[in-house]
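Chain by chain, the residues run as shown.
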There are 2 protein chains.
Amino acid sequence: MSKLKFLALGGMGRVTQNLYLYQYQQEIILIDCGIGFPDIYMPGVDALIPDITYLLNQVEAGAKIVGMILSHGHDDHIGALPYLLPNLPDFPIYASPLTAQFAHDRLLDKKVDRSIQVLSDRQNLALGQYFKFQFIAITHSIPDTKHILLETPVGKIYHGSDFKLDKHPVDGRLSDMDFIEQIGRDDNLLMACLDCLRVERDSWTPSESTVGPALLREMKDVEGKVLVTLMSSHLHRIQQTIDACKQLGRKVVFVGRSVEQNIKSAAQSKSLNVPQGLLIDKKKMKQIPDNKLCIIIAGSQGQEGSSLVRAVYGDHQIVQISNHDKVIFSADVIPGNEIPYYSAIDQLAADEVDVVYPDIRPDIHRSGHASRVEQELILKLLKPKFVMPIGGADRHRSLFKKIVAKPLSYQDWQILLPKTGEILEIDQQRVSVAQRISLSAKIIDGLGIGDVGPIVLSDRLNLSKAGIIVLILPRFKKKFDFNKMQVISRGFVFMKEADEVIKYIKKETISIIQGLGKNVKDEELKHRLEKRLARRLFKIIRREPMILSVIWDS
Amino acid sequence: MSKLKFLALGGMGRVTQNLYLYQYQQEIILIDCGIGFPDIYMPGVDALIPDITYLLNQVEAGAKIVGMILSHGHDDHIGALPYLLPNLPDFPIYASPLTAQFAHDRLLDKKVDRSIQVLSDRQNLALGQYFKFQFIAITHSIPDTKHILLETPVGKIYHGSDFKLDKHPVDGRLSDMDFIEQIGRDDNLLMACLDCLRVERDSWTPSESTVGPALLREMKDVEGKVLVTLMSSHLHRIQQTIDACKQLGRKVVFVGRSVEQNIKSAAQSKSLNVPQGLLIDKKKMKQIPDNKLCIIIAGSQGQEGSSLVRAVYGDHQIVQISNHDKVIFSADVIPGNEIPYYSAIDQLAADEVDVVYPDIRPDIHRSGHASRVEQELILKLLKPKFVMPIGGADRHRSLFKKIVAKPLSYQDWQILLPKTGEILEIDQQRVSVAQRISLSAKIIDGLGIGDVGPIVLSDRLNLSKAGIIVLILPRFKKKFDFNKMQVISRGFVFMKEADEVIKYIKKETISIIQGLGKNVKDEELKHRLEKRLARRLFKIIRREPMILSVIWDS
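This one's a predicted model, so the numbers in the text were calculated from it and none came from an experiment.

1. Let's talk about the overall build of chain A
- Looking only at helices and strands, chain A has 15 helices and 26 strands in total.
- Projected onto the principal axes, the alpha-carbon positions of chain A cover approximately 85 × 70 × 45 Å.
- For chain A, the residues scored as buried account for 59% of the 554 residues in total.
- For chain A, the share of sequence-separated contacts (at least 6 apart) that also reach a separation of at least 24 residues comes to 72%.
- About 23100 Å² of surface is accessible on chain A, with carbon and sulfur atoms providing 47% of the total.

2. With respect to the packing of helix α4 (residues 97-109) of chain A against helix α8 (residues 257-268) of chain A
Residue and element names in this part refer to chain A.
- Remark: α4 packs on α8, axes separated minimally by 9 Å, with the N-to-C direction vectors making an angle of 130 degrees. By the criterion of interaxial angle, the relationship of α4 to α8 is oblique. As α4 runs across α8, the sense of the crossing is right-handed. Between α4 and α8, the contacting residues are L98, Q101, F102, D105, R106 and D109 on the first element and R257, Q261, N262, S265, A266 and Q268 on the second.
- In terms of residue class, the contact of α4 with α8 is built from three nonpolar, five polar and four charged.

3. Considerations on the pairing of strand β14 (residues 251-255) of chain A
Residues and elements named next belong to chain A.
- The element β14 is extensively covered by neighbouring structure, given that four of its five residues are classed as buried.
- Across five bridges, the pairing between β14 and strand β15 (residues 293-297) is parallel. Looking at the pairing, V252 lines up with C294 of β15.
- In this region the chain leaves β14, passes through α8 and returns to the parallel neighbour β15; the handedness of that crossover is left-handed.

4. Concerning the domain arrangement of chain A
Residues and elements named next belong to chain A.
- Each domain of chain A was delimited in the assignment, giving domain 1 (4-203 + 367-449), domain 2 (208-358) and domain 3 (454-553).
- Averaged C-alpha coordinates put domain 1 and domain 2 at centres separated by 32 Å.
- Taken together, the contact pairs 16 residues of domain 1 with 16 residues of domain 2.
- Here domain 1 meets domain 2 over a buried area of about 1400 Å², counting both sides, of which 53% is carbon and sulfur.
- At the boundary of domain 1 and domain 2, one finds one salt bridge.

5. Examining the interface of chain A and chain B
- Taken together, the 68 residues of chain A in the interface contact 68 residues of chain B.
- A buried area of about 5900 Å², summed over both sides, lies between chain A and chain B, and 61% of it is on carbon and sulfur atoms.
- Its largest share of buried area at the contact with chain B, chain A owes to A:I339, A:R395 and A:W552, together 12% of the area lost on that side.
- Between A:D445 and B:R543 there is a salt bridge; the shortest N-O distance is 3.2 Å.
- Run the count over chain A and chain B and you get 22 residue pairs in polar contact (both at pLDDT 80 or more).
- If you list the elements that add at least two residues to the side of chain A that touches chain B, you get α10 (338-350), α12 (394-405), α13 (454-466), β23 (468-476), β25 (486-490), α15 (522-541) and β26 (546-553) of chain A.
- Among the residues forming the side of chain A that touches chain B, the class breakdown is 35 nonpolar, eleven polar and 22 charged.

6. With respect to the packing of α12(A) against helix α10 (residues 338-350) of chain B
- At their nearest, the axes of α12(A) and α10(B) sit 7 Å apart, and the two run at 45 degrees to each other. Classed by the angle they form, the pair α12(A) and α10(B) counts as oblique. Like other packed secondary-structure pairs, α12(A) and α10(B) cross with a definite hand, here left-handed. Contacts from A:D394, A:R395 and A:S398 in α12(A) reach B:Y342, B:I345, B:D346, B:A349 and B:A350 in α10(B).
- Classifying every residue of the contact of α12(A) with α10(B) gives four nonpolar, one polar and three charged.

7. Considering the relation of the copies chain A and chain B
- Superposing chain A onto chain B takes a rotation of 180 degrees combined with a translation of 0.0 Å along the rotation axis, leaving an RMSD of 0.1 Å. This pairing of chains is accounted for by a two-fold axis. Closest to the rotation axis within chain A is the C-alpha of A:S464, separated from it by 2.4 Å.
- When you check the interface residues of chain A against chain B, 100% turn up at the interface there too, and the contact is symmetric in its surfaces.

8. Section: the side chain of B:S161
All names here are of chain B.
- In this fold, S161 is placed in the loop between β11 (155-160) and α5 (177-186).
- Its relative accessible area of 2% is what places S161 among the buried residues.
- Ignoring sequence-local partners within four residues, the contact set of S161 consists of D32, S71, H72, H77, K146, H147, D195 and I390.

9. Some words on helix α1 (residues 53-60) of chain B
Residue and element names in this part refer to chain B.
- For α1, the complete set of buried residues consists of Y54, L55 and Q58. Angular distribution of buried residues about the axis of α1 spans 100 degrees; they occupy a single face of the element.
- Residues of α1 that are buried in the fold lie against β1 (4-8), β2 (20-24), β3 (27-31), β5 (64-69), β19 (422-426) and β20 (431-436).

10. Thoughts on a positive patch on the surface
Residues and elements named next belong to chain A.
- On the surface, K531, R532, R535 and K539 cluster together into a positively charged patch.
- Looking at the secondary structure, you find K539 in helix α15.
- With relative accessibility at 66%, the residue K539 sits in the exposed group.

11. Some points on the packing of aromatic side chains
- Throughout the structure, instances matching the rule amount to 19 aromatic pairs over all chains.
- Between A:W552 and B:W552 the ring centres are 6.4 Å apart and the planes differ by 50 degrees, which places this aromatic pair in the tilted class. Of this pair, A:W552 sits in strand β26 while B:W552 sits in strand β26 (residues 546-553), on two different chains. Of the two residues, A:W552 and B:W552, neither departs from the other in class, the shared state being buried.
- Pairing B:F386 with B:W413 gives two aromatic rings, centres 6.0 Å apart and planes at 80 degrees, and the pair type is edge-to-face. On the criterion of sequence distance, the pair formed by B:F386 in strand β18 (residues 386-390) and B:W413 in the loop between α12 (394-405) and β19 is long-range, its members being 27 residues apart.

12. Things to note about the confidence of the model for chain A
- Per-residue pLDDT for chain A has a mean of 95; in total, 99% of the residues score no lower than 70.
- Here the complex is predicted with pTM 0.93, and the ipTM for its interfaces comes to 0.93.

13. Observations regarding the sheet that holds β15(A)
All names here are of chain A.
- Pairing in this open sheet of five strands is parallel, and the strands run β14-β15-β13-β16-β17 from one edge to the other. Where the open sheet ends on each side, the last strands, each with one partner, are β14 and β17 (354-356). The average undirected angle you get between the axes of adjacent strands in this sheet is 20 degrees.
- Relative to β15, helix α7 (residues 235-248) is tilted by about 175 degrees, and along the sheet it contacts β13 (226-229), β14 and β15.

14. Here we look at the sheet that holds strand β17 (residues 354-356) of chain B
Residue and element names in this part refer to chain B.
- With respect to topology, five strands assemble into an open sheet ordered β14-β15-β13-β16-β17, the strand pairing being parallel. Both outer strands of the open sheet, β14 (251-255) and β17, are each paired with one neighbouring strand and no more. Each strand axis lies, on average, 20 degrees off the axis of its neighbour in the sheet, ignoring direction.
- In the sheet, strand β13 (residues 226-229) pairs with strand β15 (residues 293-297) via four bridges, with the strands oriented parallel. Bridge pairing links L227 to I295 in β15.
- In the packing of helix α7 (residues 235-248) onto the sheet, the strands contacted are β13, β14 and β15, and the crossing angle to β15 comes to about 175 degrees.
- Across the sheet, α10 touches β16 (326-329) and β17, and the angle it forms with β16 is around 160 degrees.

15. Details of a nonpolar patch on the surface
- A contiguous nonpolar patch, built from A:I40, A:Y41, B:I40 and B:Y41 and spanning about 300 Å² of accessible area, is present on the exposed surface.
- Examined against the element boundaries, B:Y41 turns out to sit in the loop between β3 and β4 (47-49).

16. A word on the pattern of salt bridges
- Evaluated as defined, the whole model comprises 78 salt bridges over all chains.
- Measuring nitrogen to oxygen at the nearest pair gives 2.7 Å for the salt bridge that ties B:E208 to B:R237. One end of the pair, B:E208, is in the loop between β12 (191-195) and α6 (211-219); the other, B:R237, is in helix α7, and 29 residues separate them in sequence. Each member of the pair, B:E208 as well as B:R237, carries the same accessibility label: buried.
- Within the structure, one salt-bridge network assembled from shared partners comprises A:R217, A:E218, A:K326, A:D354, A:R361, A:D363 and B:K402.

17. Details of the pairing of strand β12 (residues 191-195) of chain A
Residue and element names in this part refer to chain A.
- Burial analysis of β12 places five of its five residues in the buried class, the great majority of the element.
- Residue alternation in β12 divides its side chains into two sets, M191, C193 and D195 and A192 and L194, and both sets are buried.
- Where strand β11 (residues 155-160) and β12 come together, four bridges link them in parallel fashion. Bridge pairing links I157 to M191 in β12.
- Note that the unit made of β11, helix α5 (residues 177-186) and β12 has a crossover that is right-handed.
- In terms of strand pairing, β12 meets strand β18 (residues 386-390) through five bridges, oriented parallel. Looking at the pairing, C193 lines up with M388 of β18.

What counts and what doesn't
Residues numbered from 1 in each chain as written. Chains lettered and ligands numbered in written order. Predicted model: local features only at pLDDT ≥ 70, side-chain atom pairs only at ≥ 80, totals over all residues. Heavy atoms only, no water. Helix = DSSP H or I, 4+ residues; strand = E, 2+ residues; numbered from the N terminus. Buried < 20%, exposed > 50% of the residue type's maximum accessible area, 1.4 Å probe, protein only. Contact = heavy atoms within 4.5 Å. Areas by Shrake-Rupley, 256 points an atom, 1.4 Å probe, with all protein chains shown as cover. Axes fitted to C-alpha atoms, helices over the stretch in contact; angles between N-to-C directions. Parallel < 35°, antiparallel > 145°, perpendicular 65-115°, else oblique. Left-handed = near helix turned anticlockwise from the far one by under 90°. Nonpolar A, V, L, I, M, F, W, Y, C, P; charged D, E, K, R; others polar. Pairing = 2+ DSSP bridges. Right-handed = clockwise from strand over helix to strand, strands pointing away. Domains from an automatic or database assignment. Buried area = accessible area lost by both parts, 1.4 Å probe. Salt bridge = Lys/Arg side-chain N within 4 Å of Asp/Glu carboxyl O. Polar contact = N/O pair within 3.5 Å; in protein donor to acceptor, adjacent residues only side chain to side chain. Least-squares fit on C-alpha atoms with pLDDT ≥ 70 in both. Arc of directions from axis to C-beta. Patch = residues over 30% accessible without salt bridge, like charges linked within 9 Å, V, L, I, M, F, W, Y side chains within 5 Å. Lys, Arg positive; Asp, Glu negative; His and termini not counted. Charge placed at Lys NZ, Arg CZ, Asp CG, Glu CD. Phe/Tyr/Trp six-rings, centres within 6.5 Å; stacked < 30°, edge-to-face > 60°. pLDDT = per-residue confidence, 0-100.

Quick look at the structure:
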């Protein structure tokens, strides 16, 4: 019998860029299609998309993608659809209603025309001749999240991406624990992939529904407006804010592109329950007295240019914040965003605006990810032969092995921690690494896809550290005319104070070029000049600007 | 009677750049002289130093600096000494023995010759004709930390910079609570400045001495080497690591410039207690079996180029990490450092090295700052008429007001939250803002002081987002020779894929210049060209590279 192949196209040990490939003979199933978010070492980058070279090669060689299954509507699971689908052959895509709606929005946004098929929970569907799958209801920080039970010729696989086990979900739709238990009891599960992101927390992640009373408490007795900022796809959180507003007699206004768009999608898929007359258009906001108003506003990470941040710094056209208002950060800071996030909070505090955030009020935000105890519980119930932690960084995967899988008597060979680019071969007895490929995420920068790579990024980082010096070296009949040499710099030193440095650069340039003699070719001359000048500059000023020399023959 | 003036030269609402000025008539006292640390919006910047323009103006106008008092040896309290002292007249500087030693090292490092005078606790010293002060022993994350009781003609002031109230300090030197209580009982204190950084935490900060047993537990039964990384000035932490090593029979090696230098200073001021024969020179490390070795290594924030990070990525000459070793991060991540800090931990986890860090073992690090309860206690004991939270961000200062001072019945007029640049006037009845000045920190970049300012930084940030395009426009007898135009870019698009964009740029450049006509002056032409080209590029590629045009007449 053939083996099943497994590959994470977005890499392993990264939290985002979720795109998993399962292949049996010539049939391929894809799960999720998400983007990654750039970090501080990727200035100017908007997003990362998984490298699908391997997939394209397989298709080229005759393999067929028999379906794509989407687990939930977060961008790190669906955001790459508009970038990748146009390069791939046609295949059916399945999702829950809300996920389909969000995916549809992402596609529409980039003018990609593709339909998403909606499938109910526990409904068994065959894909190609080898695969079947079912959706399993599970709770997370966006409604309508699913786990996936995949039937393959080598055995059943439980693909458990992002989840928590919320005992009191806001919409009352519990995780399908009966079904999960039944899988473990009846099905002799071959493998489970499980979200390990929050394994560092030992407790059970508190229910999302505990946030409602906290929001109500914080909103009570506020003299002026209430502003609530949150992840714009967090419809449960939005629902609870709406419920609190209803109870307190506050009208609700949505401000911010992402929030407004998601609300529209939620309305279409009936994922929000909004009492008649509670919502107010933002243009009519001024008609409502401040103490009867709640603004749900985008920008919970303090993102530059977001509605919240513009309001905080007094740059928003319609939202003004005064010191009788209250701002509620109903969102944790995502690692890497600390500076803008806390700057926004500090600015509000400095302006004597009442501001609360999870560091001082833990119950105004709850994570959407399972803690160690929940991960242990689901693993205990599923009893797969092999287990693979996914959706976490390397430290989370390694910790999952140590404090979740090992204590449940899993042996090293049963706990799968593939590295990025490792293609696993799975059969009923064992899992092995069949092949190692290199994966390099494509960079989205503005409208460009993939035209920014490691060299451009490293240039940008270097430019940011000490700027650039451009040397224009005029030459006439093979002789440099140093009197006409021009030195221009940006981001290096303040030009008005730079006279001495510029003089030094000219002097050294002349000495270096003269030292090189006449038999050096242009490319070599420029290369050596740039290198030597860089070294000399570093000695006198301890900076390493990029140096760009241009020989100008006339 | 005259009033006392107060100004934070490093600004308020910032944690670092500590430099406080107290002035009575023509006499000035300075407390601390610290640097600030750059954030992600200041690429290439090494440090910030407080703006002393106001101080220099006062001196110019006849005021006299009668003394500087240093509270403790952290760089945000002493690091600016070598940069600022050379620009100031001579005055005596006072510190505790270890602080004096660290300050001396900083000065020596930059070849500044200045002596620091050591003063014992509770010893009263007159400075000029108006001021007296005493040091008060207090606990913090560096030994020999002091609070300062300043006597002024308008009343006594308790300057309580960074502290915690450690009930079991590692060196047995308790905070002088008797003296603090006596001040509150007898002295009718006028004002207290208190460290509010950790006011978000409601509990009493655990004693530093709880870290010792945790380190011992983590180091026990490690098959290979143990690496402990920590703040290199944290001598109590180093002492506890040494003690654990002694108990476990491991030799200790110090690796990393900052750690090695601080150990030397600690030895000189006898702040470390190291058993004979326990320390090994790093060059002899290879002679010790791995399971008898502990390396105390610099780089606890995952800093690029630090000894730890080079070891983690296999680039260190003498420290190799293998998967039977264990790495202990005995330091919290400082906000803004999350990416490098967790990247180092992830890399170790990926290499199957056992790694522990405070998120999973909270007791291997303890903060050096007082939590809310301790802040409340010291305020209760001191009973000053006015209280000013210092050493925290705006959100901490505002929270201190709300949950520390207000519950102790302080009124708004008694709680001082000056903004950056506000000069306070203090007398026995009231505190008012006498003047507002602007303060702009000087930037240290390499060997340059102050030659990098807002324009250079904004250029660097812009360069980092989309790179630079240099246009060289040859002109001969007032006519542009577009055939010879050169377009060079860095950090914009990958040059090999850039042909089309370069062609587009050339075409648009020609069309823009031709559109401008012939009567435009050069500066105006370049300005308009750069602006219009930027707008067109943004339209087609949604990026905003810096554009630099050079007209080349020949």
